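A look at the structure
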Amino acid sequence: MTGTKELVRIEGVHKYFGDQHVLRGIDMTIGQGEVSVVIGPSGSGKSTLLRCVNMLESASAGRIYVDGELMGYVEKHGRLHMLPVKEIARQRRNIGMVFQRFNLFGHKTAMENVMEAPVQVKGQSKAIARTRALELLDRVGLSERANHYPAQLSGGQQQRVAIARALAMDPELMLFDEPTSALDPELVGDVLNVMKDLARDGMTMMVVTHEIGFAREVGDTLTFMDGGVVVESGPPREVIANPQQERTQAFLGKVL
Amino acid sequence: MRSTTLPAADKDAPELIDAVPVRHPGRWAGAAVIVIFLALLVQSLATNPNFRWDVVWLYLRDTRVIQGVGWTLVLTAVSMVLAIVLAILLAFMRQSDNPIFRWSSWTWVWFFRGTPVYTQLLFWGLLAVLYPKMSVGVPFGPELFALNTQDVVSAFWAAVLGLGLNESAYLAEIFRAGLKSVDKGQTEAAEALGMRSRKIMWRIVLPQAMRVIVPPTGNETIGMLKTTSLVLAVPFTLDLTFQTNALANRTYLPIPLLIVAAFWYLVITSILMVGQHFIEKHYGKGVDNVSGARGPVINPAAAKAAAAGIDEHNPPKLSGGATAVDGEYIEESGR
C-alpha cells in the first residue's frame, strides 16, 4: 500500500507542557497512502504527537512537514516566523481529523455538520455541498440519518458522521485520535469498517488507537510509543508477533 | 392489595400492583389556607372603595400614560441593544490573547458593575456640566470642530448611556459564562476543518452559547424594563413611572395610578416572556428539540419502554413481582 511519495515528515519533535516533557524527540515519516498506526499506554504522548501534526498543539522543538510544507511556520533568513492564524487554517484544510469524543457541532444536523466546512471554508455552493454530504453520509452508512442532530445518534453513528465531515474537505491526510475509545464495544466495529474502507481506497492515515486487531489488519506501520519516545516501529504483524523491545512486549502482553 | 389484570390481549400478563396511594393531608390544609387568602384578597379588591377602579380604568387609556409606555419600551430596547453589542465585544476581549484587551474588559466590568445605576444616570445627566463642549480633532493636537455637549447628549441619550453601559457589564459576564459553557472540542473540530477564528465564534461557539445566554438575558431585559423607572435621575421625564407619578401628584390619587403603572409593566413583561420562549426554542436546536419521537432512542432502557408504549419519565406502577427488603415492601416514592 505504501506509496513512494512522503506525505508526513516529523523531525525531532519535542513538546513540553510546563515542566512536563511529553514528547522527547520523535522522528517519523508517513508515505502517501500509508496507514500508520500509533499505539502506547496513556500518557505516552501519542495523542499529543497527532495533535502537533495539524497544529492543535504546537511543538516546542523540531519540525513537521505535511506534503513538503512546514507546519505552522515559515523560514525566512534562517529564522522561523510564526504563520498567521489564517495561514494555519489554510494548512489544516488538507488534513482531516477525527476526535475521540466526536466533537460534532451539536446545533447542526448530521448533514449540516458535513456541509459546514465545504460551504464556509471552501465557499462551495450549498447545493453541491449537500449532494456531496449525502454521498459521504451514504458511504459511512448513515444517509437516512442525515437530518438527525448529534444527540439523536449513537456514539458509533456520531463518529461515522465525524469521519464524513472530515472527508468533505477532501483531505490528503486523515488523523484519528483514539476514534473508538469512547464507544460501546458493540459500536466499535462499524467505525473500524469505515476506516478500513478508507484505507482500502488509498487514504493516508495516522491512527492513534488501542485496537491492535485494526493495526494488524489494516496498518502498514505500527509504532509503539512510551514515555514520549518511539520505542519500536515496523510492519504491524512483525511488531505484534515478535516485539524486540521489552517495553513493547510488556504492553502487548497486557492488551492482547 | 387488590389486583387487576391486563386487557385480554395478553393472557400471561403479570398482575399489576394497584396499591392505595400515600395520603397527604398537609397539602390539602396548605391549599385550603391559600384559597382562603385568595378569596379575602379578591373580596377586598372588589369592595374597598380606595382602589378607585374608575380612576384606574380612566388613566389606563390616557394618552400620556400610553406615551409613557412607548418611551419606556424605546428606552428598554435601545439600552439593551447597546448593552448587548458592548457585552459581546467585552466577552470576546476577555477571551483574547491580548492582555490589554483582557485587562480593559475586566476593568470596564469592575467599574460599571461596581457603581449604582442611579449614580451613573446622574453622572450622564451632568456630563454637560463636566464637559460643556465636545470637539473632534487630533489627539493632543489641533481641534477640527466642536459641539455643545447638551445638544449631542440629550436627556434621552444620557438615559440610554447610563442604562446601557451599566447593563453591558452584567451582560458581559453572562456572555462570558455562555462562551465558556461550550466544549473546547467544538472549537478544535472547527479549527481542524480549517475554519477561521471569527467564523468559529459566530457559527459554532456563539449559537451554542446562546442556549446558556438567553434565559439570564431575558431576565436582564425584564430588569432593564423596570430600571428605566430610575431615569428621572438624568432627568428624563417621559417614561411610564414619571408620567404616572406626575398624574398622581396632580390628582392626589397615588394608589390608582400605581396600579396603572404596575398593570402596564406586567403587560410588557408578559410579552417579553413570550418572546423569550421563542428565542429559547430557536437556540435549543439539537438539544431541547431532541426527543425519542424524531430520532432513534439511544438509551436501551428507554428504547424498550418506548417499544412497549410506556412513557419513560412517568412510568406506570411496577408491574408484577414485588421488591422486598427484610420482608418489607419498598414504598414507591412520590415522583
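All values derive from a computational prediction rather than experimental measurement.

Further remarks concern the overall build of chain A. Summing up its helical and strand segments, chain A has nine helices and 12 strands in all. A globule of 256 residues ought to have a C-alpha radius of gyration of about 18 Å, and chain A, at 18 Å, matches this closely. In terms of overall dimensions, chain A has C-alpha extents of about 50 × 50 × 35 Å along its principal axes. By residue count, 56% of the 256 residues in chain A fall in the buried class. Within chain A, contacts between residues separated by at least 24 positions form 64% of all contacts whose residues are at least 6 apart in sequence. Of the roughly 10,900 Å² of accessible surface on chain A, a fraction of 45% belongs to carbon and sulfur atoms. Taking the average location of the 29 positive side-chain charges in chain A and that of its 31 negative ones, the two points are 6 Å from each other.

So, about the layout of surface pockets. Gaps left between atoms show up when a probe the size of a water molecule is rolled over them. Counted as a void, the largest pocket has a volume near 1,200 Å³. Of all elements in the fold, only helix 2 (85–92) of chain A together with helix 3 (63–95), helix 9 (184–192) and helix 10 (197–227) of chain B reach the threshold of two or more residues within the lining of the largest pocket. Considering each element in turn, the lining of the largest pocket owes the most residues, five residues, to helix 10 of chain B. Among the residues forming the lining of the largest pocket, the class breakdown is 18 nonpolar, six polar and 10 charged.

Membership of the largest hydrophobic core comes to 80 residues, with the highest contact counts inside it found for Ile10(A), Leu49(A), Leu173(A), Leu175(A), Met206(A) and Leu75(B). In terms of residue count, the dominant contributor to this core is helix 8 (residues 155–181) of chain B (12 residues). Apart from the residues within four sequence positions on either side, Leu173(A) is in contact with Leu7(A), Val8(A), Val53(A), Val66(A), Asn94(A), Ile95(A), Gly96(A), Met203(A), Thr204(A), Met205(A) and Met206(A).

On the surface, Lys86(A), Arg196(B), Arg198(B) and Lys199(B) cluster together to form a positively charged patch. Note on placement: Arg196(B) falls in the loop between helix 9 and helix 10.

Another point: the pattern of salt bridges. For the structure on display, the rule yields 25 salt bridges over all chains. Notably, a salt bridge pairs Arg64(B) with Asp62(B), separated by 3.0 Å at the nearest N-O pair. Using a relative accessible area of 14% as the deciding quantity, one classes Asp62(B) as buried. In this structure, Arg94(B) engages Glu173(B) in a salt bridge whose closest nitrogen and oxygen atoms are separated by 3.6 Å. Within this pair, whereas Arg94(B) is found in helix 3, its partner Glu173(B) is found in helix 8, the two being separated by 79 residues in sequence. Given a relative accessible area of 22%, Arg94(B) falls into the partly exposed group. If you follow the salt bridges from partner to partner, you end up with Arg51(A), Glu57(A), Lys184(B) and Glu188(B) in one network.

All right, on to the interface of chain B and chain A then. Opposite the 27 residues of chain B that make contact, chain A presents 33 residues. Taken together, chain B and chain A are joined by two salt bridges. Between Arg51(A) and Glu188(B) there is a salt bridge, with its nearest N and O atoms 2.6 Å apart. Linking chain B with chain A are seven residue pairs in polar contact (both at pLDDT 80 or more). Of all the secondary-structure elements, those providing two or more residues to the side of chain B that touches chain A are helix 9 and helix 10 of chain B. No other element matches helix 9 of chain B, which puts seven residues into the side of chain B that touches chain A. Class assignment for the residues of the side of chain B that touches chain A results in 10 nonpolar, nine polar and eight charged.

All names here are of chain A. Reading across from one edge, 2-1-4-5 is the order of the four strands in this open sheet, with antiparallel pairing throughout. The open sheet has two edge strands, strand 2 (20–31) and strand 5 (69–70), and neither has a second partner. Sheet topology note: the strand 4 (residues 61–66)/strand 5 ladder contains two bridges and is antiparallel. What sits directly across from Val-66, in strand 5, is Glu-69.

Attention shifts here to the packing of helix 8 of chain B against helix 10 of chain B. All names here are of chain B. Two elements in contact, helix 8 and helix 10, have axes separated by 8 Å at closest approach and are oriented at 145 degrees. Crossing geometry of helix 8 relative to helix 10 is assigned as right-handed. Along its contact with helix 8, which presents Leu-163, Glu-167, Tyr-170, Leu-171, Ile-174, Phe-175, Gly-178, Leu-179 and Ser-181, the element helix 10 presents Met-201, Val-205, Leu-206, Ala-209, Val-212, Ile-213, Pro-216, Thr-217, Glu-220, Met-224 and Thr-227.

Moving on: empty space enclosed by the protein. Per the counting criterion, the structure on display carries two cavities of 30 Å³ or more. Here the largest cavity is characterised by a volume of approximately 50 Å³. Taken together, Ile95(A), Gly96(A), Met97(A), Phe99(A), Ala162(A), Arg165(A), Ala166(A), Ala189(B), Ala192(B) and Leu193(B) make up the full set of residues lining the largest cavity. At the level of elements, strand 8 (95–98) and helix 5 (155–167) of chain A together with helix 9 of chain B are the ones that each hand at least two residues to the lining of the largest cavity. Along the lines of polarity and charge, the residues of the lining of the largest cavity split into eight nonpolar, one polar and one charged.

Residues and elements named next belong to chain A. On the basis of which strands lie adjacent, the open sheet formed by six strands has the order 8-9-10-3-11-12 and mixed pairing. Unpaired on one side and paired on the other, strand 8 and strand 12 (229–234) mark the two borders of the sheet. Across the sheet, the axes of successive neighbouring strands diverge by a mean angle of 15 degrees, strand direction being ignored.

Further remarks concern the pairing of strand 4 of chain A. All names here are of chain A. Judged from the five bridges that link them, strand 1 (residues 6–17) and strand 4 form a sheet pairing that is antiparallel. Bridge assignment links Glu-11 to a residue of strand 4, and that residue is Arg-63. The turn joining strand 4 and strand 5, which pair antiparallel and follow one another in sequence, is formed by two residues; a positive phi near 55 degrees is taken by Asp-67.

Following Val234(B), the chain continues into Pro235(B) via a peptide bond in cis, with omega recorded as 5 degrees. Within the secondary structure, Pro235(B) sits in the loop between helix 10 and helix 11 (240–251). Look at Asp67(A): it is not a glycine, yet its phi comes out positive at around 55 degrees.

On inspection of all chains with the given rule, the structure shows 12 aromatic pairs over all chains. Measuring from centroid to centroid gives 5.4 Å for Phe123(B) and Trp124(B), while their planes differ by 80 degrees, and the two rings are edge-to-face. For Phe123(B), a relative accessible area of 40% gives the class partly exposed. Taken together, a centroid distance of 5.1 Å and an interplanar angle of 80 degrees make the contact between Phe156(B) and Trp157(B) edge-to-face. Across the ring face of Phe105(A), the terminal group of Arg165(A) is positioned such that the distance to the ring centre comes to 4.5 Å.

What counts and how
- Residues numbered from 1 in each chain as written.
- Chains lettered and ligands numbered in written order.
- Predicted model: local features only at pLDDT ≥ 70, side-chain atom pairs only at ≥ 80, totals over all residues.
- Heavy atoms only, no water.
- Helix = DSSP H or I, 4+ residues; strand = E, 2+ residues; numbered from the N terminus.
- Rg over C-alpha atoms; globule rule 2.2 N^0.38 Å.
- Buried < 20%, exposed > 50% of the residue type's maximum accessible area, 1.4 Å probe, protein only.
- Contact = heavy atoms within 4.5 Å.
- Areas by Shrake-Rupley, 256 points an atom, 1.4 Å probe, with all protein chains shown as cover.
- Lys, Arg positive; Asp, Glu negative; His and termini not counted.
- Charge placed at Lys NZ, Arg CZ, Asp CG, Glu CD.
- 1 Å grid on protein atoms, 1.4 Å probe; cavity = no way out; pocket = protein on both sides within 12 Å on 5 of 7 lines; lining within 4 Å.
- Points joined across faces, edges and corners; volume = space filled by probe spheres on them.
- Nonpolar A, V, L, I, M, F, W, Y, C, P; charged D, E, K, R; others polar.
- Core = buried A, V, L, I, M, F, W, Y, C linked by side-chain atoms within 4.5 Å.
- Patch = residues over 30% accessible without salt bridge, like charges linked within 9 Å, V, L, I, M, F, W, Y side chains within 5 Å.
- Salt bridge = Lys/Arg side-chain N within 4 Å of Asp/Glu carboxyl O.
- Polar contact = N/O pair within 3.5 Å; in protein donor to acceptor, adjacent residues only side chain to side chain.
- Pairing = 2+ DSSP bridges.
- Axes fitted to C-alpha atoms, helices over the stretch in contact; angles between N-to-C directions.
- Left-handed = near helix turned anticlockwise from the far one by under 90°.
- Phe/Tyr/Trp six-rings, centres within 6.5 Å; stacked < 30°, edge-to-face > 60°.
- Lys NZ or Arg CZ within 6 Å of the ring centre and 35° of its normal.

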